[in-house]
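What follows is each chain in one-letter form.
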Amino acid sequence: IGLMYISAEKKLPDLYLDIVSNELNIKTVNQVSDASEFTTYNFKPQLKTVGPKYGKLLGRIRTELESLDGNVAMSTLNTGKALEFSFDGEKVTLDKEDLLIETTHKVGFMAETENNITVVLDTNLTEELVEEGFVREIISKIQTMRKEANFEVMDTIEFYYNRNERIANIIAKHQTLISEEVLASKIEEGNSEGYTKEWKINGEDVVFTVVK
């Protein structure tokens, strides 16, 4: 995941943001004061309070709530003010306890709110993020093969790959990183005698071989 945004009343120490980033494999974690750029709110009438007061207007109240700018309405409520409407001269006043409030995310984001903390994930995948995902999967598959072939942790290996042009291009581009992570003294496209296995990585079929 590329970006995470956290909106909270108090600033979180950088240490905690680093822990979140590392544990969840997120490139960047930012703390923002306002999550409205990524989220909005949906409102419905709380029937147990609104019903007894405005029963005959429930339908119109529900329609009016659906048309609200969620962030503007939530800002009004957070300042202690009520939402006010007028239907044919009859005034309707709705406080927070009169409403069922749902946090929703805007397109390209996922958001959850609890205890006044909103966490937002940017789910937009750039080509760079997609490629990084492939690299992580490639490294993971090679490490799995090392274990299955009973190699020692510090054994240096040779690594061969074939049958997939897209993955071949990614491996060639990130060869140094992959070599360091899997202790490969040689990375080459082609075949060799050794432990060979077919993999499907993010929908791409490929064949890997590891040799000690």
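Conventions and cut-offs
Residues numbered from 1 in each chain as written. Predicted model: local features only at pLDDT ≥ 70, side-chain atom pairs only at ≥ 80, totals over all residues. Heavy atoms only, no water. Pairing = 2+ DSSP bridges. Helix = DSSP H or I, 4+ residues; strand = E, 2+ residues; numbered from the N terminus. Axes fitted to C-alpha atoms, helices over the stretch in contact; angles between N-to-C directions. Salt bridge = Lys/Arg side-chain N within 4 Å of Asp/Glu carboxyl O. Buried < 20%, exposed > 50% of the residue type's maximum accessible area, 1.4 Å probe, protein only. Parallel < 35°, antiparallel > 145°, perpendicular 65-115°, else oblique. Left-handed = near helix turned anticlockwise from the far one by under 90°. Contact = heavy atoms within 4.5 Å. Nonpolar A, V, L, I, M, F, W, Y, C, P; charged D, E, K, R; others polar.

Section: the sheet that holds strand E9 (residues 157-162)
Phase 1: Across the sheet, four strands lie side by side as E10-E9-E12-E11; this open sheet has mixed pairing. The open sheet has two edge strands, strand E10 (184-189) and strand E11 (195-201), and neither has a second partner. Adjacent strand axes in the sheet meet at a mean angle of 25 degrees, parallel and antiparallel pairs treated alike.
Phase 2: Strand direction decides the pairing type here: E9 and E10, joined by five bridges, are parallel. Of the residues in E10, the one forming a bridge with Ile157 is Ala184.

Here's the deal with the pattern of salt bridges
Phase 1: For the structure on display, the rule yields 13 salt bridges.
Phase 2: Between Glu148 and Lys197 there is a salt bridge, with its nearest N and O atoms 3.0 Å apart. Taken as a pair, Glu148 in helix H5 (residues 127-148) and Lys197 in strand E11 lie far apart in primary sequence, 49 residues in all.
Phase 3: The exposure class assigned to Glu148 is partly exposed, which follows from its relative accessible area of 37%.
Phase 4: With a relative accessible area of 24%, Lys197 lands in the partly exposed category.
Phase 5: Residues Arg166 and Glu204 are paired through a salt bridge, measuring 3.4 Å at the closest nitrogen-oxygen approach. With Arg166 in helix H6 (residues 165-173) and Glu204 in strand E12 (residues 204-211), the pair connects residues that are 38 residues apart, well separated along the chain.

What about the environment of Asp122?
Phase 1: As for its placement among the helices and strands, Asp122 is situated in strand E8 (residues 117-122).
Phase 2: A sequence separation of 76 residues divides Asp122 from Glu198, and the C-alpha atoms of the two residues are 33 Å apart.

Considering the packing of H5 against helix H7 (residues 175-182)
Phase 1: Following both chains from N to C, one finds H5 and H7 inclined at 30 degrees, their axes separated by 10 Å at the closest point. Judged by the inter-axis angle, H5 sits roughly parallel to H7. H7 is crossed by H5, and the crossing has right-handed handedness. Packed against H5, whose contacting residues are Val135, Ile138, Ile139, Ile142, Gln143 and Arg146, the element H7 presents Leu177, Ile178, Glu181 and Val182 at the interface.
Phase 2: Across the contact of H5 with H7, the residue classes tally to seven nonpolar, one polar and two charged.

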